[in-house]
Amino acid sequence: MKAVVTVTGKDRVGIIAMASAECAKYGVNIIDISQTVMKEYFAMIMLAELDGMTVDFAAFADSMKLTGEAWGVDIRVMHEDIFNSMHKI
Amino acid sequence: MLNTTDILETIRMIRDENLDIRTVTMGISLFDCISDDPERLCTKVYNKVTKCAERLVSVCEELERTYGIPIVNKRISVTPLSYIGAGLSPSGFVKLAKVLERAACELGVNFIGGYSAHVQKGEILGAKNLIESIPEALSETTKICSSINVATTKAGINMDAVRQMGEIIKETAYLTRDKDSIGCAKLVVFSNIPEDNPFMAGAVHGMGEPDTVINVGVSGPGVVAVAVKEAGDCDFSLLAETVKRIAFKITRVGQLIASEAAKRLGTPYGIVDLSLAPTPAAGDSVAEILENMGLSRCGTHGTTAALALLNDAVKKGGVMASNHVGGLSGAFIPVSEDRGMIDAAKAGTLTLDKLEAMTAVCSVGLDMIAIPGDTSAATISGIIADEISIGVVNNKTTAVRVIPVYGKGVGESAEFGGLLGYAPIMPVKEDSCERFIARGGRIPAPIHSLKN
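Residues numbered from 1 in each chain as written. Chains lettered and ligands numbered in written order. Predicted model: local features only at pLDDT ≥ 70, side-chain atom pairs only at ≥ 80, totals over all residues. Heavy atoms only, no water.

**Concerning the overall build of chain A**
Move 1: Scanning chain A from terminus to terminus reveals 3 helices and 4 strands.
Move 2: Each helix (α) and strand (β) of chain A, taken in turn from the N terminus, gives the series β-α-β-β-α-β-α.
Move 3: Since a compact globule built from 89 residues should have a radius of gyration of about 12 Å, the 13 Å found for chain A is in line with a globular shape.
Move 4: Expressed as lengths along the three principal axes of its C-alpha atoms, the size of chain A is roughly 35 × 35 × 20 Å.
Move 5: By residue count, 49% of the 89 residues in chain A fall in the buried class.
Move 6: In chain A, 68% of the contacts between residues at least 6 apart in sequence involve partners at least 24 apart.
Move 7: The centroid of the 8 positive side-chain charges in chain A is displaced by 7 Å from the centroid of its 12 negative side-chain charges. (Helix = DSSP H or I, 4+ residues; strand = E, 2+ residues; numbered from the N terminus. Rg over C-alpha atoms; globule rule 2.2 N^0.38 Å. Buried < 20%, exposed > 50% of the residue type's maximum accessible area, 1.4 Å probe, protein only. Contact = heavy atoms within 4.5 Å. Lys, Arg positive; Asp, Glu negative; His and termini not counted. Charge placed at Lys NZ, Arg CZ, Asp CG, Glu CD.)

The following block contains the structure:
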C-alpha cells in the first residue's frame, strides 16, 4: 500500500532530512518526492511505500504528526486512494 | 505521481475548509426481531443492533486515520419501529426506545434513527401507539430520532396525522422544556420519506433494503463556498460549472469511504447521499455559499434562484462521482445548524416564508427552526401542511423540524449544542388556521401522481 506524506509549513533548514529520517526509522520507503517553496511557505510531498513498515499505519501517522509539531510544520500521512479518488476520473 | 497542486488542494479542503464525511450510517433490518412477547422483542432488538454494528465505530475511526478525513458522526438506522413493535403499547414503545438508547451508548454511535411510522393513508395500531409515545420517548432518551411520514405524492396527505403531529410536537417541547425543547430537534415530519437516508433525524432502514447496509452522507459547504468565492464575478454557466467540479470531488471522497466501510464491515454498500450539510462552525455554511454568489445576506431577493442553481449543480457533479446515489441528496438549509442562516434570521432577512420558498428547490424542508413556545398546535400543523404540500405536489421529499421553544419568544434564542447549534426564535403568523386543520381526513393525491 502506498501513502502520500505531506509536509507543509514555514521553511527551515533540515525539514527533508527530518521527514525522511522518520520514514526510514519505521521501514517506510520513499519512492517519489517533490517540494516547492512559495515565499516562506514550504510544501513537500512524498509518495511512500508502506509494505515494509515496522509499525501499523496509525502509529506511523501519529509519530510523523508529532515530529512535525516539534518542528512547527504540519505532517499528514494519508492513503493515496483519497487523492486518486478526488482528482482522477 | 499525483499532481502537487491536487494534493495540496485536498489538504486545504480538509484542514481549512471543513471537508468531512458527515455520517457513515449503518442500516439494520429488525424484521427478524418481531415477537409477541415485548421482553423478547427488546432483547432481540438489542442483540441484533449491537451485533451488527459492533465494529461500526472502530472501522470508521480506522478509515479516518488511513485516509486523513474526519467522519463526524457514526449512526444507525433501523426498520421503522411501528412495524417491528406493531403490538406494543405506548409504554412498550418507550421501553424499546430506551433499549435502543442503551445499544447506542454501548456501541458509541451518535444517533439511532427509526423511531418512525408511515401513516400517509392511515395508522396501524403500532403507528398509533408509537406516535402517542413520541414525547415521552424523546424526553427520556438523547440518541433516538423519530420521523413520521404523513404524506406521499401517491397517497396524498393524511391531515389527521398532520393535526396530531402539531400536538405531539407541542408535548415533546413541553417535556424537554428544561433543555430548550430539544426533543423536537429529534423529531421530523415527512412527505415522500426516502428509505435510505443516512441523515438524522429522518434516517430509517426501508422495507426494500438488505438486512444491513452502509449509507454515507457527505458534507462540504465550506469547500463549495471557497470555490464560489474564488470564481469571482463569473457568469452563471461558469458558476454552475465551478460548483459541479467541486461537488464531484467531495462526493468521490464519500464514495471511497462508503465502499471501504462496506468492505471492512462485510456489509453491502447502499448509497452516497449528495447533500451539502452545514454545521454551526465558521466557514461551514450553505448561506455563505449563497452570499458568495452575490447576495448581501441569505434570505434576500435572489436567494431561491441561487439555491436552485447550487442544488442542481451539486447533484450534477455528485452523480458522476458515485455509482449509487440516494437519500435526500441536495443542499440542506437547517437554520440552527448554519452560521450564515442564523445571522440572516437574526437580521430578519431570512423569514419562515422565504425558507418555505427555498425548500421548493432544495433538500429537505423547514429544518431546525425555533419558533415561539406559545405557538398553537394548530399553527404548527398549518406549517407542516404547507411544507408537506410542496413535497406532495412537486414529487419530492419535504420535511418539517420546528422547535416551539417552551417559555421563549421572538427576540430570544435557543441553544441545542453540538451539531444541532443554536437558533434565534423566528416569528410565526398570528392569524389562525385552526378551523382548516380541524377538518380531518385526507387531502387527495395530486392528478400527476396517476402516471400508469
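**Observations regarding the overall build of chain B**
Move 1: Of regular secondary structure, chain B possesses 15 helices and 13 strands.
Move 2: Taken against the 2.2 N^0.38 rule, which gives 22 Å for 452 residues, the C-alpha radius of gyration of chain B at 21 Å falls within 12% of a compact globule.
Move 3: A principal-axis box enclosing the C-alpha atoms of chain B has dimensions of 60 × 55 × 50 Å.
Move 4: Every one of the 452 residues in chain B was classed for burial, and the buried ones make up 62%.
Move 5: Sequence-distant contacts, at least 24 apart, represent 79% of the contacts inside chain B between residues at least 6 apart.
Move 6: When the accessible surface of chain B is summed, it comes to about 16,500 Å², and 50% of that surface belongs to carbon and sulfur atoms.
Move 7: Looking at chain B, you have 44 positive and 52 negative side-chain charges, and the mean spots of the two groups are 3 Å apart. (Areas by Shrake-Rupley, 256 points an atom, 1.4 Å probe, with all protein chains shown as cover.)

**Observations regarding the packing of helix α1 (residues 15-25) of chain A against helix α2 (residues 57-71) of chain A**
All names here are of chain A.
Move 1: In contact at an axis separation of 10 Å, α1 and α2 are set at 155 degrees when each is read in the N-to-C sense. When the axes of α1 and α2 are compared, the pair comes out roughly antiparallel. The handedness of the crossing between α1 and α2 comes out as right-handed. Where α1 abuts α2, its residues I15, M18, A19, E22 and C23 lie against F60, S63, M64, T67 and W71.
Move 2: Considering only residue class, the contact of α1 with α2 consists of 7 nonpolar, 2 polar and 1 charged. (Axes fitted to C-alpha atoms, helices over the stretch in contact; angles between N-to-C directions. Parallel < 35°, antiparallel > 145°, perpendicular 65-115°, else oblique. Left-handed = near helix turned anticlockwise from the far one by under 90°. Nonpolar A, V, L, I, M, F, W, Y, C, P; charged D, E, K, R; others polar.)

**Looking at the domain arrangement of chain B**
Residues and elements named next belong to chain B.
Move 1: When its domains are assigned, chain B resolves into domain 1 (28-191) and domain 2 (217-439).
Move 2: Distance from the C-alpha centre of domain 1 to the C-alpha centre of domain 2: 22 Å.
Move 3: The interface of domain 1 with domain 2 comprises 38 residues on the first partner and 44 residues on the second.
Move 4: Here domain 1 meets domain 2 over a buried area of about 3,300 Å², counting both sides, of which 70% is carbon and sulfur.
Move 5: On the domain 1 side of the interface with domain 2, the three residues burying the most area are K170, D180 and S191, jointly 18% of the side's total.
Move 6: At the junction of domain 1 and domain 2, the tally comes to 2 salt bridges.
Move 7: K408 serves as the salt-bridge partner of D180, at 3.1 Å between the closest nitrogen and oxygen.
Move 8: Viewed at the interface, domain 2 and domain 1 are joined by 15 residue pairs in polar contact (both at pLDDT 80 or more). (Domains from an automatic or database assignment. Buried area = accessible area lost by both parts, 1.4 Å probe. Salt bridge = Lys/Arg side-chain N within 4 Å of Asp/Glu carboxyl O. Polar contact = N/O pair within 3.5 Å; in protein donor to acceptor, adjacent residues only side chain to side chain.)

**As for a nonpolar patch on the surface**
Move 1: A cluster of nonpolar side chains, I89(A), V319(B), M320(B) and V325(B), forms an exposed patch at the surface whose accessible area comes to about 420 Å².
Move 2: Tracing the backbone through its elements, the reader meets V319(B) in helix α11 (residues 303-321). (Patch = residues over 30% accessible without salt bridge, like charges linked within 9 Å, V, L, I, M, F, W, Y side chains within 5 Å.)

**Some remarks on the packing of aromatic side chains**
Each pair of aromatic rings is reported with the distance of its centres and the angle of its planes.
Move 1: On inspection of all chains with the given rule, the structure shows 4 aromatic pairs over all chains.
Move 2: For the ring pair Y26(A) and F60(A), a centre distance of 5.8 Å and an interplane angle of 70 degrees mean the geometry is edge-to-face. With Y26(A) in the loop between α1 and β2 (29-38) and F60(A) in helix α2, this residue pair connects regions lying 34 residues apart in the sequence. Neither residue differs from the other here; Y26(A) and F60(A) are each classed as buried.
Move 3: With a centroid separation of 6.4 Å and an interplanar angle of 85 degrees, the aromatic rings of F93(B) and Y115(B) are classed as edge-to-face. Residue F93(B) is found in helix α5 (residues 90-107), and its partner Y115(B) is found in strand β3 (residues 111-118); the two are separated by 22 residues along the sequence.
Move 4: With a relative accessible area of 0%, F93(B) lands in the buried category.
Move 5: Judged by its relative accessible area of 1%, Y115(B) falls in the buried class.
Move 6: A cation sits over an aromatic face here: R12(A) above W71(A), 4.2 Å from the ring centre.
Move 7: Geometry around Y174(B) places R177(B) over its ring, the cationic atom sitting 4.0 Å from the centre. (Phe/Tyr/Trp six-rings, centres within 6.5 Å; stacked < 30°, edge-to-face > 60°. Lys NZ or Arg CZ within 6 Å of the ring centre and 35° of its normal.)

**Some details on the environment of P198(B)**
Residues and elements named next belong to chain B.
Move 1: Mapped onto the elements, P198 comes out in the loop between β6 (187-191) and β7 (212-218).
Move 2: Taking the C-alpha atoms as reference points, P198 and G217, 19 residues apart in sequence, are found 6.0 Å from one another.
Move 3: Leave out the neighbours within four places in its chain, and P198 touches T23, T25, R75, A203, N215, V216, G217, I271, D273 and G327.

**Observations concerning the pattern of salt bridges**
Residue and element names in this part refer to chain B.
Move 1: Under the defined criterion, the tally for this structure stands at 28 salt bridges over all chains.
Move 2: Here K74 makes a salt bridge to E64, at a shortest N to O gap of 3.4 Å. Of this pair, K74 sits in strand β2 (residues 71-78) while E64 sits in helix α3 (residues 56-67), and the two are 10 residues apart along the sequence.
Move 3: Its relative accessible area of 21% is what places E64 among the partly exposed residues.

**Some words on the interface of chain B and chain A**
Move 1: Listed as interface residues are 24 residues of chain B and, on the opposing side, 29 residues of chain A.
Move 2: Between chain B and chain A, the buried area comes to about 2,400 Å², and carbon and sulfur atoms account for 71% of it.
Move 3: Between D74(A) and R15(B) there is a salt bridge, with its nearest N and O atoms 3.0 Å apart.
Move 4: Linking chain B to chain A there are 8 residue pairs in polar contact (both at pLDDT 80 or more).
Move 5: Of all the secondary structure elements, the ones that give two or more residues to the side of chain B that touches chain A are α1 (4-16), α3 and α9 (236-265) of chain B.

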